[in-house]
Every structure is written in C-alpha cells, then in structure tokens.
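Observations on the three-dimensional arrangement
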Amino acid sequence: MINELYGLAQTLKNEGIEGKNWHRKYKLIPKSQCYRIWLDDTGSVSQIECLRPDHAKELRKYGDNQSSFPAFNLSPLYRITNPDLISILKKIKEGQEKPEVEMLKSWCLEDNWIKGAPKQVARCLRDRPEELLRQLRLEEETETSALAYLAKLCVNVYCGSVESFRSGLEACLFAKLEHGEDIPEMIALLFHEGSENKDRDKDVGVKISVILDLENWQQFTYPVASKQTTEQFNQWLLNNEEAGMMSQKAEQSDAFGMPFVNPGEPMPSVKLDGFDVTLRSMFEGQPCQYRYGKINDSSYPIAPENRTAVKSALEWIAEPQRQQLTWERIDKNEIVFIYPSKLPKVPLKFVSIFAQSSDMTAKQRESRFERQAEEFTRGYRGLPVDQQPETIQIFSLRKIDKARTKVIFTHNSTPEQLIQNAGEWTAGCKNLPLLDVGDVVIPFPLEVADILNAVWKQDGERADGKTPVQSMKKYQGMAMLLNILPLTVIQNFIHVEVTNASGLIHFLGNQIHRQTKDDPVSDQKKLRIQKKTAMKVCSVLALLLFKNDIRKERYMENLPYLLGQLLHVSDELHVLYCIEKRNGDIPPQLVGSSLFINAGEMPYQALSQLSIRLQPYLAWAKQFRGKAEENSWRAGWLLNLFEQFSNQILPQMDKSIRFGDFEKAQLFIGYMASFPKKEKQVKAVNNEEKGDKNHEE
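The shown structure was predicted, so the numbers you read here are calculated from the model rather than taken from an experiment. (Residues numbered from 1 in each chain as written. Predicted model: local features only at pLDDT ≥ 70, side-chain atom pairs only at ≥ 80, totals over all residues. Heavy atoms only, no water.)

What follows concerns the overall build of the chain. Within the chain, the regular secondary structure consists of 25 helices and 17 strands. By the compact-globule yardstick of 26 Å for 697 residues, the chain is too spread out, its C-alpha radius of gyration being 35 Å. In terms of overall dimensions, the chain has a C-alpha envelope of 115 × 70 × 50 Å along the principal axes. Expressed as a percentage of the 697 residues in the chain, the buried residues total 49%. Expressed as a percentage of contacts within the chain between residues at least 6 apart in sequence, the contacts between residues at least 24 apart total 75%. Only carbon and sulfur atoms are counted for the fraction: they give 48% of the accessible area of the chain, which is about 34,200 Å². Taking the 90 positively charged and 93 negatively charged side chains of the chain as two groups, their mean positions are separated by 4 Å. (Helix = DSSP H or I, 4+ residues; strand = E, 2+ residues; numbered from the N terminus. Rg over C-alpha atoms; globule rule 2.2 N^0.38 Å. Buried < 20%, exposed > 50% of the residue type's maximum accessible area, 1.4 Å probe, protein only. Contact = heavy atoms within 4.5 Å. Areas by Shrake-Rupley, 256 points an atom, 1.4 Å probe, with all protein chains shown as cover. Lys, Arg positive; Asp, Glu negative; His and termini not counted. Charge placed at Lys NZ, Arg CZ, Asp CG, Glu CD.)

Scanning all chains against the criterion turns up 22 aromatic pairs. With a centroid separation of 5.0 Å and 90° between ring planes, the pair formed by Tyr26 and Phe233 is classed as edge-to-face. One end of the pair, Tyr26, is in strand E1 (residues 26-28); the other, Phe233, is in helix H9 (residues 227-246), and 207 residues separate them in sequence. For Phe233, a relative accessible area of 0% corresponds to the buried category. Centre to centre, the rings of Phe337 and Phe395 are 5.3 Å apart; their planes meet at 25°, and the pair counts as stacked. (Phe/Tyr/Trp six-rings, centres within 6.5 Å; stacked < 30°, edge-to-face > 60°.)

The subject of this paragraph is unusual backbone geometry. Cis peptide bonds are those with omega within 30 degrees of zero, and the linkage from Phe69 to Pro70 qualifies with 0°. Looking at the element boundaries, Pro70 is found in the loop between strand E5 (68-69) and strand E6 (71-74). Of note in the backbone geometry, Lys115 takes a positive phi value of approximately 50° without being a glycine. The backbone of Asn483 shows a phi angle near 60°, a positive value even though the residue is not glycine.

Before going further, it helps to spend a moment on the sheet that holds strand E16 (residues 392-399). Judged by pairing direction, the sheet is antiparallel, and its 4 strands sit side by side in the order E14-E15-E16-E17 without closing on themselves. Every interior strand has two partners, whereas the edge strands, strand E14 (327-331) and strand E17 (405-413), have only one. Here the average twist between neighbouring strands, direction ignored, is 20°. Relative to strand E15 (residues 334-340), helix H1 (residues 2-14) is tilted by about 40°, and along the sheet it contacts E15, E16 and E17. (Pairing = 2+ DSSP bridges. Axes fitted to C-alpha atoms, helices over the stretch in contact; angles between N-to-C directions.)

It is worth spelling out the pattern of salt bridges at this point. Scanning the entire structure with this criterion turns up 30 salt bridges. With a shortest N-O distance of 3.1 Å, Asp54 and Arg52 are connected by a salt bridge. Ionic pairing is found between Lys176 and Asp182, a salt bridge with its closest N-O pair at 3.4 Å. Accessibility expressed as a relative area gives 13% for Lys176, which makes it buried. Members of the salt-bridge network, linked through shared partners, are Arg79, Glu110, Arg200 and Asp203. (Salt bridge = Lys/Arg side-chain N within 4 Å of Asp/Glu carboxyl O.)

What follows deals with the sheet that holds strand E3 (residues 45-50). In spatial order, the strands read E3-E2-E9-E6; together these 4 strands make up an open sheet with mixed pairing. Strands with a single pairing partner mark the edges of an open sheet, and in this sheet they are E3 and E6. The sheet shows a mean angle of 30° between the axes of neighbouring strands, direction not considered. In this structure, strand E2 (residues 34-39) lies alongside strand E9 (residues 208-214), joined through 6 bridges in parallel fashion. Looking at the pairing, Tyr35 lines up with Val210 of E9.

Counted by the stated rule, this structure contains 0 disulfides. This cysteine, Cys429, is not joined by any disulfide, and Cys538 carries the nearest cysteine sulfur, 11 Å off. On the basis of relative accessibility, which here comes to 0%, the residue Cys429 falls in the buried class. (Disulfide = S-S within 2.5 Å.)

Below, the discussion takes up the environment of Leu348. Looking at the element boundaries, Leu348 is found in the loop between E15 and helix H12 (369-381). Spatially, the C-alpha atoms of Leu348 and Asp213 are 43 Å apart, while their sequence positions differ by 135 residues. Contacts of Leu348, omitting those with residues within four sequence positions, involve Leu325, Phe376, Gly379, Tyr380 and Leu383.

Before going further, it helps to spend a moment on the pairing of strand E4 (residues 60-63). Here E4 shows no split at all, with Arg60 and Tyr62 on one side and Lys61 and Gly63 on the other all buried. Two strands pair when backbone bridges link them, and E1 and E4 are joined in this way by 3 bridges, in the antiparallel orientation. Residue pairing across strands places Tyr26 opposite Tyr62, the latter belonging to E4. As paired elements, E4 and E5 share 2 bridges and run antiparallel to each other. Its bridge partner lying in E5, Gly63 is registered against Ser68. Once E4 ends, the chain turns through 4 residues before running back antiparallel as E5.

All right, on to the nonpolar core then. Phe354, Phe369, Ile394, Trp425, Leu435, Leu566 and Met672 are the most contacted members of the largest nonpolar core, which has 108 residues in total. Of the residues forming this core, the biggest block, 11 residues, is contributed by helix H17 (residues 521-547). With sequence-adjacent residues up to four places away left out, Leu566 is seen in contact with Leu607, Leu610, Phe642, Phe645, Ser646 and Ile649. Grouped together as the second largest cluster of nonpolar side chains are 62 residues, Phe69, Ala151, Val155 and Val210 included. (Core = buried A, V, L, I, M, F, W, Y, C linked by side-chain atoms within 4.5 Å.)

Our next topic: the side chain of Asn453. Mapped onto the secondary structure, Asn453 falls in helix H14 (residues 448-453). With relative accessibility at 5%, the residue Asn453 sits in the buried group. A polar side-chain atom of Asn453 sits 2.9 Å from the main-chain carbonyl oxygen of Met472. Setting aside chain neighbours within four positions, we find Asn453 in contact with Asp464, Val469, Gln470, Ser471, Met472 and Asn500. (Polar contact = N/O pair within 3.5 Å; in protein donor to acceptor, adjacent residues only side chain to side chain.)

With respect to burial, E14 is a largely interior element, 4 of its 5 residues being buried. As judged from the 4 bridges shared by E14 and E15, these two strands associate in the antiparallel manner. Pairing of Arg329 across the sheet is with Ile335, part of E15. What sits between E14 and E15 in their antiparallel hairpin is a turn of 2 residues.

The next subject is helix H7 (residues 163-178). Residues lying three or four places apart along an α-helix face the same way, a consequence of the helix completing one turn every 3.6 residues. Between its first and last C-alpha atoms H7 spans 23 Å; for 16 residues at 1.5 Å apiece the expected length is 22 Å, and the two agree. Turning to H7, its buried residues are Phe165, Arg166, Gly168, Leu169, Glu170, Cys172, Leu173, Phe174, Lys176 and Leu177. Of the residues trailing H7, Gly180 is marked for its positive phi of about 70°. (Expected span 1.5 Å × (residues − 1).)

The following block contains the structure:
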C-alpha cells in the first residue's frame, strides 16, 4: 500500500496539489448525531444543542479511545428496562405523546454510568486538556484561543469530581424536554432502552458524541466547534511534533532515500468510506521479521515527511467527490483505487471501466460497460498530448479485520492498453449468437464475481443462502479485463460457472420455450428478471470461451452447441404439439429440457433417448405441416431445423464422447440461443406448396 500511495504522492507533488495534513491523533468525530455542550464562565453546563451533520463533519477530537478533547463519547445517563416505560418513550419520541418531565424524572433510578464510565469522562474533562496545556504551552494562548481557554477552564473546574458536569447536563436535558425542543435527541442522551435479559455490565447502549464549547466565545472570534478553531489547533499539534523531530539527528535513510528519524509511534491512519485504514510497513505479528531483527517500522522505515505524504495521498484519492473518478466501493470491506501518472485538467472516470457507481439510480444503471468504455476512450483521446498520462496505477484495499487492511490487487497499466482491454472485453461478451433471453448485456469486470459465484437450484431459485460461495474474488474480474490472469484460473472459472449456473439455464430454457401469453402476470415478471440474470451468465460464458480462443463462428458449428439447439427445437415441437392436440395443456417439463442435464454428461445416450421420445411429435408434425392451419408453417419450419441440426450432429457424434466444461458452456449457449432467422421464408414456401396442392385439386 505504501509503494502505491508514494507514487500517487509524487504525482500530486508534480501537479502542485497539497493535501491537508492532519495530526495523527486529531481525528474526525463519528458521523452519528453530535451534541454541543455549552459551558459558562464558571465551567458549568449551561446549554445543549444538536449540531447539523454538515457542521459536525468539520470537527475533530484529539486523543484515543480512552479519552479525547474537546469532543468525546458519553453513555446515556440512565438505563430503563421496563417494556411499558420503553413503549411510552417510543410514543414520546414519535410525537404521539408530550413528555411529562416529572414522570421522566421518576424513571431516573438506574445509573447507566457504571464501571469505568465516570473515570473516562474525568480523563476527557481533566487529563487530556491538562496534557495539551503542558505539551503545547496553551497557557500562552488562553487570551486569544477559545480552545486554549476551554482546556484551562476544564482543568480548573473538574480537577476533582465530574459530578457537577453530569448534574448540569441532566438539568439541561430536562429543560429542553420541558420546552419541547429536540425531544428524540434529548431522550436518547438521557435514557438507554435496555433489556433485563442482557448482562447489566454490557448493556449500556451506544455511546453518543459530544463536543464542549464556550457560551461566551465572542471574545475569541470563533467558538471551539468551528472549522477555524479546528484548523488552528491542528497546526499547533503539527508544529509541536515538527519541533520535536528537528531536535533529533537522522542516522539512516528511509525506504525512499529520505533521512529517517524514527518517530516512535504507529503509522498514521485514514478514515475511508466505511472503514479505517492504518498504513503499515510491517505488522509485528509476522514471525519472519524476527529472523533479521527488523520489527515493525524497522523492516521498511518511512520518514515522517513521507508518512504524511502517503497519508495525504490516500485522503486525496478517497475524497467523496472523486468517487467513480479515482475510487469506487466494491463491497462493505473493499475499495478499488485508480490514479494516473498525470492529472488532466478535465478528470477522466478511470474507475468507470471497472465498475458502475454504487449510488446510481435504476435508470442510470442502464448505462452499461460499452458506453462507459466509449466515453473514457473519447475523453482520453480528446486530451492535449501534454496532459495524457503515460501510466495508470490500479490497486484494491480490503479490510481483513478490525486492525488490518491489505492490498489484495495491484497493477500498472497504460490508458491505451486499458482501452484495448476494454475493446477485447466487449468483443468477448458479444461472443454469442442471438439469444431468446434478450439483447447482450456486458457486465462490468467487478460484477463478474457476483454472476459467477451465484449458485442456482433446478427451480430457478438461488441456492447460496446467507453465506455465498467465493470461488472468484471481485478483483479477479479486473485482472481478467487486464489480461493478467493465468489461463488455468480462467479455465477453473468456466468450470465454476457451468456448475453454478446449470440449474438456472435448465429451468429458464424450459420456461422460455413453454411460455404463453396466458401465463400469470407474476410469472411473466419473474421470468423477465431471470432472463436478465441468464443473459449476464451467457455473457460471462462467452467471455471465458473468448479468453480461451473459442469464437462463436467456430463453436456454433460444434457438436455441443448444435446439441443444445436440437434440445431447443425439440422443446418447441413438444409445445406446438400440446397447443394443437391438447388444447394448450403444456406439461411442466418439455422433452428437450428433460434431457438437458444428461446431455451435458453423456451426449450420445441423451441423443438416443431424444430420438425415441420425439418420435410421436415428429410423426405428427410431418402430417400437420401439410394442412391449411395457422401453425402448420411452424411445424414445417421446426422439422426443417430438426433435420438440419441432426445432419450436422451425426457426423460428429460418437459413443465415447464426454463433454468437459468448455463443451458444457457451448451446450448452455446453444440451448438458450435463438434459431436461425428463416421463419418468413419457410412460411412463404409452405404457403406456396399448399396453394399448388389446392390448385391441383
């Protein structure tokens, strides 16, 4: 990860882009509701209010999970477990009942600040501000900075007990409830709705974010909870850290040749969309380090300046406004990043070739891979030559567990190579004949794993359950587009796909061939959804065949595809027979469908059984095609197709033939494929024959 981000840091430096550098221990407050607690000149709680989300996201807190300042987390003051009382609280929060303050006060019996909660609050109100006053010499800033004054005030007022802080907070909460202000938010801070069935020590509820501020802040120009004060405090922290580092002498160089002084602290972390990433040079749990006596940072030393640079680079590339330009979320624990060696003035959507945006509307999702690739190509080739990047760095980060994030994929390409790969991807997915399920849908590379991993039952329903299989990782879809996957891996993927999708193709082929206009609307709607899914499956099969140099021009003449077409035409003959002879009473399974699975394993035996089962329908069709009936032309057309496919199959068929994965894929496509488009011609010929016959009579 560090190597990939160092390259980005150099690109940003060359473009004159400076990322915002935040001190490692000065972190964003949580995205949940944040409360501002106002303190008066005596340090007592005077007011409380809810901050707007756009205001809260600009604020930070200094510290760690044990204590922080000026923002920290609080547990609700009291716990209630009585279901009746919880029900009343729910109605009050929903506005169905007005809060009766005296009644609510009578419920305040079970203290929720148990175990270490009071001590933690004391550390936030006393120890952290005292540390800052000492380290940053904030005593000198108490006349000009609201935060410095707040730190000194808290140390002076809460040097003993924090009970006065709690009582003042409780009084303000009840005052707000009495005036009917922010009722749901105030109740959330006052009561935790617990359960008698849970462990009391663990049932304390979700902690709530609060930030302290000064009621009389005007003399300092800005309040504590402001963007200006936040940035000022960050600069003090950085200046203090830099002064400490300059006093030490560098005795070695870091991994990138910069003078290295070990700061004696962990690598910085970055909060991405959904999870935190800690930059690591090596984790101490890896035993291999101990052989060489190089543990943690010593195994791959990174100077403080480069630590800051790679941290800022990751923050820059992951900014929300760059989604679909330089990053996209793959799932809740994985994000892909792409950046060019040069940043053009008109940003290109590099990620759009690999994945569609996760926040697209249903209409926007209609814009599929081919269109996105064309837009990228047009945008890149329209850039001035001096703005065209020579290379593109692609890497994917995955959150392994709470503490570790891993680079699971990294690759360096060029824009022209990417454009060529996209063209080959499109050609591969179009390596198909016309299909009954609809027009070709070209999936994005990061979609392929979801399509391939889906397991289907014989009734057309998913079989994966709550824990889907992971035969293919999502990043491998990117590797497939970039043509860097070994052929053996691609061959394994086609085995997985034909195994997992067999149930869907079998079921859907049968349903499509037997469907009529009289089917229930709900069945037709379900069938449309399944068709879209099957189309993606066929596109993936076509792509995998293409990657193995098996083109449709060739495989459409091969035994497996032709056998699939023969099963298809057998189904159609069966349906036509049922419409004409059984008043439209079509059985649940058609004759071709009944042999589909067997055909994939033992094609010779399946063909032998088909010839026996199909005899009555063939005999009927030969008689029916000569009649002056509405569908007689169709009987003749299907008979012609049956004879055509049979004549092509017989020279290739042998008792010893067994289908492998590639042959099964062609069988699947043949079964789903439309017939050669000669219906009108056959119909016209049949009509002429009937006319001649009638004339003779």
